[in-house]
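# Working through the structure, step by step
Here is how the chains run, residue by residue.
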Amino acid sequence: MDQQTKILPFFPLSVFLFPGEDMPLHIFEPRYRQLINEAKLDITFAIPFTIDREIQEFGCEVKLKEIVAEKEDGNMVVVVEAIGIVEISSYNKQLDGKLYAGGSI
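The following refers to the structure shown. Every chain is numbered independently, its residues counted from 1 as its sequence is written. The predicted nature of this model means local features are confined to residues of pLDDT at least 70 and side-chain atom pairs, given and counted, to a pLDDT of 80 or more, with totals for whole chains, interfaces and linings taken over all residues. Hydrogen atoms and water are omitted, and side-chain values are computed over all heavy atoms in the structure.

## Brief notes about the pattern of salt bridges
Using the following cut-off: By definition here, a salt bridge exists when the distance from a side-chain nitrogen of Lys or Arg to a carboxyl oxygen of Asp or Glu is within 4 Å. Only DSSP runs of H or I covering at least 4 residues are called helices, and only runs of E covering at least 2 are called strands; the numbering of each starts at the N terminus. Residue exposure (1.4 Å probe, protein chains only): buried if accessible area is under 20% of the type maximum, exposed if over 50%, otherwise partly exposed.
Enumeration according to the criterion identifies six salt bridges in this entry. The partner of D22 in a salt bridge is K65, and the shortest N-O contact between them spans 2.6 Å. Here D22 is found in strand β2 (residues 22–27), whereas its partner K65 is found in strand β4 (residues 54–70), with 43 residues between them in sequence. Given a relative accessible area of 38%, D22 falls into the partly exposed group. Between K63 and E81 there is a salt bridge, with the nearest N and O atoms lying 4.0 Å from each other. Highlighted residues: K63 in strand β4 and E81 in strand β5 (residues 76–87), separated in sequence by 18 residues. Of the residues examined, K63 reaches a relative accessible area of 36% and is grouped as partly exposed.

Structure (structure tokens):
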């Protein structure tokens, strides 16, 4: 397989989305508020599939589709859309200069 490796922010969850599927997310942790605020700049991120809080080798790449609600305290409800299925090749608990995790896909 001749695929390009890239580093993406991670939002690990026990869900798996297929391309074209949407999912609402309630954002309240500071690390994910930071990630969503950066996603407003048109970046994508990965949702690695987790089982018992352990990252599995596959997940989905998503893009921010809509901010449904945003409160003064920074909490928000957003909708993401899956744009592809990805293989997780590395996981870093925290990316340099960020509050959130990330890794290679």
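Alright, that's what it looks like, and here's the rest.
## A word on the sheet that holds strand β3 (residues 44–51)
Under the convention used in this document: Any two strands are treated as partners once DSSP identifies two or more bridges connecting them. Inter-axis angles, ranging from 0 to 180 degrees, are taken between N-to-C directions of lines fitted to C-alpha atoms, where helices are fitted over the stretch in contact.
Taken in spatial order, the four strands make up an open sheet running β2-β5-β4-β3, and their pairing is antiparallel. Looking along the sheet, the strands with just one partner apiece sit at the ends: β2 and β3. Strand-to-strand twist of the sheet, defined as the mean angle between neighbouring strand axes without regard to direction, takes the value 45 degrees. Bridge count for β2 against β5 is six bridges, and the pairing is antiparallel. By the bridge assignment for β5, L25 is matched with V78.

None of the figures reported here should be taken as evidence of function without further support.
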